[in-house]
Amino acid sequence: MSISTPKNRKARTRTGLLRIEGGQAFAKSDLLITEEPLEIRLVAGSGKQKVRHTLAVTMRTPGSDFELAAGFLFAEGVITSRGQIQRIAYCTDAGEPQHYNIVNVELKSDTLPDLAPLERHFYTTSACGVCGKAGLDNLRLRYAKLDSDFQIPAETVAQLPEKLRVQQGLFEQTGGLHAAAIFDGSGNLLALREDVGRHNALDKLVGWALLENRLPLSQCLVLVSGRASYELAQKTLAAGIPALAAISAPSSLAVDLAKEFNLTLIGFLRGSFNIYCFPERIRLNP
């Protein structure tokens with residue numbers, strides 16, 4: 001598989017502003033997190049038989065775009081292995097005005113996969129959702145229940161938010177984005193990605209693991225900086241991760257999915273925390 005070198009895009013944007021303090025106005029500048037559209041295209045075949053299909057447009061923070069594309073395709077079931085990808089590259093076709101906001105994922109197949117069973121129109125935003133019932137029925141056809149003997153001490157889990165925070169360089173500078181991080185059972189940080197969209201941050205992580213041949217992540221926990229939504233639980237399941245922890249609350253559909261597929265789900269991780277299902281993976285203090 002060939003992966004072109006990603007172009008270094010700015011994840012931050014500086015802007016001017018008017019700061020009001022004590023009834024007085026002061027001219028200041030601030031760093032904002034960059035948000036730009038990314039179009040993910042599937043390409044199959046070669047020569048005159050080459051076909052292209054725009055699968056998704058998502059609003060994201062530039063950076064790790066190839067991981068984002070690969071992770072999105074894997075988490076949504078469009079591809080099932082790294083070996084199906086021939087090449088990932090930015091689109092540089094003549095006439096395309098935003099070369100570095102379009103990623104082509106070239107498949108080894110001569111034909112595009114059947115996308116109809118996914119039952120989704122792939123347009124996503126920074127906080128997109130998905131129909132829970134249709135999604136859950138579809139997941140039952142795609143995934144088995146998680147079967148992992150993974151365990152992590154409760155005191156280690158409690159320390160993870162601080163480990164996440166100190167590694168969030170962009171958040172410290174802008175205060176405006178989400179993070180997702182993968183930890184092993186000893187609390188070691190394996191990878192972290194940040195993005196304006198919480199689902200994008202996790203897609204980037206899943207894409208990293210896919211491209212590094214690390215899937216399934218059956219001996220890991222993933223921590224997300226916001227709430228635990230159904231979609232984040234789905235992506236966790238797709239990566240074979242047995243435990244999902246969130247700084248904030250889980251949704252009811254996330255809990256339903258976790259119970260269905262043996263996923264340990266942790267919420268309100270702020271020193272203390274709640275375990276919504278499968279607590280046996282969390283080792284309590286003696």
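Above this note sits the structure.
Presented here is a report on the structure given in the accompanying data block. Note that the coordinates shown come from a computational prediction; the quantities given were computed from them, not determined experimentally.

### A few points about the environment of D149
- Its location among the elements puts D149 in the loop between α2 (132–142) and β8 (152–153).
- What makes D149 exposed here is its relative accessible area of 64%.
- C-alpha separation for the pair D149 and S218, spaced 69 residues apart in sequence, amounts to 8.4 Å.
- A distance of 2.8 Å separates a polar atom in the side chain of D149 from a polar atom in the side chain of Q219.

### Some points on the pattern of salt bridges
- Enumeration over the complete set of coordinates arrives at 13 salt bridges.
- Linking K204 and D195 is a salt bridge whose minimum nitrogen-to-oxygen distance equals 2.7 Å.
- Looking at K204, the relative accessible area reads 1%, which means it is buried.
- Bridged by salt links that share partners, the residues E76, D203, E231 and K235 form one connected network.

### Here we look at helix α1 (residues 65–75)
- Judged by how many residues are buried, α1 sits mostly within the fold: eleven of eleven residues are covered.
- G77 lies just past α1 and shows a positive phi near 80°.

### Examining the packing of α1 against helix α5 (residues 198–211)
- Where α1 contacts α5, the two axes come as close as 6 Å, and the packing angle between them is 90°. In terms of their interaxial angle, α1 and α5 are classed as roughly perpendicular. In this structure, α1 contributes F66, E67, L68, A70, G71, F72, F74 and A75 to the contact, and α5 contributes N200, D203, K204, V206, G207, W208, L210 and L211.
- Among the residues forming the contact of α1 with α5, the class breakdown is ten nonpolar, three polar and three charged.

### Section: the packing of aromatic side chains
- One pass over the structure, following the stated rule, counts two aromatic pairs.
- Both rings, one in F66 and one in Y90, keep their centres 4.8 Å apart while their planes meet at 50°; by these two values the pair is tilted. With a gap of 24 residues between them, F66 in helix α1 and Y90 in strand β6 (residues 85–90) connect regions that are remote in the sequence.
- Given the relative accessible area of 9%, Y90 is considered buried.

### Description of the nonpolar core
- L73, V105 and L257 are the most contacted members of the largest nonpolar core, which has 58 residues in total.
- Not counting residues up to four positions away in its chain, the partners in contact with L257 are L136, L139, Y230, A233, Q234, L237 and L263.
- Listed in part, the 18 residues of the second largest apolar core include L160, L164, L192 and L269.

### A look at unusual backbone geometry
- A cis geometry characterises the amide bond from L215 onward to P216, with omega recorded as -5°.
- Its place among the elements puts P216 in the loop between α5 and β11 (220–224).
- One non-glycine residue, S64, lies in the positive phi region at around 55°.
- Assignment of secondary structure puts S64 in the loop between β5 (51–60) and α1.
- The backbone of N213 shows a phi angle near 60°, a positive value even though the residue is not glycine.

Cut-offs used in this document
Within every chain, residues take consecutive numbers counted from 1 along the sequence as written. Note on the predicted model: pLDDT of at least 70 is required for a residue's local features to be given, and 80 or more for side-chain atom pairs to be given and counted; whole-chain, interface and lining totals, by contrast, use all residues. Derived side-chain values reflect all non-hydrogen atoms in the structure, with water molecules and hydrogen atoms excluded from consideration. Secondary structure elements are defined from DSSP: runs of H or I of at least 4 residues count as helices, runs of E of at least 2 residues count as strands, and each element is numbered from the N terminus. Summary of the burial criterion: residues with accessible area below 20% of their type's maximum are buried, those above 50% are exposed, and those between are partly exposed, where the area comes from a 1.4 Å probe applied to protein chains only. Polar contacts here mean pairs of N or O atoms no more than 3.5 Å apart (in protein, one a potential hydrogen donor and the other a potential acceptor; neighbouring residues in sequence count only if both atoms are side-chain atoms). Salt-bridge detection follows one rule: a side-chain nitrogen of Lys or Arg within 4 Å of a carboxyl oxygen of Asp or Glu. To obtain each axis, a line is fitted to C-alpha atoms, and for helices this fit is confined to the stretch in contact; angles are then taken between N-to-C directions over 0 to 180 degrees. Roughly parallel means an angle under 35 degrees; roughly antiparallel, over 145; roughly perpendicular, 65 to 115; everything else is oblique. Contacts are assigned to residue pairs that have any heavy atoms within 4.5 Å of one another. In this classification, Asp, Glu, Lys and Arg are treated as charged, Ala, Val, Leu, Ile, Met, Phe, Trp, Tyr, Cys and Pro as nonpolar, and every other residue, Gly included, as polar. Here a Phe, Tyr or Trp ring, Trp counted by its six-membered ring, pairs with any other such ring whose centre lies within 6.5 Å, and the pair is stacked when the planes are under 30 degrees apart, edge-to-face when over 60, and tilted otherwise. In plain words, nonpolar cores are sets of buried Ala, Val, Leu, Ile, Met, Phe, Trp, Tyr and Cys residues tied together by side-chain atoms within 4.5 Å.

Remember, this is a structural readout, not a statement about activity or role.
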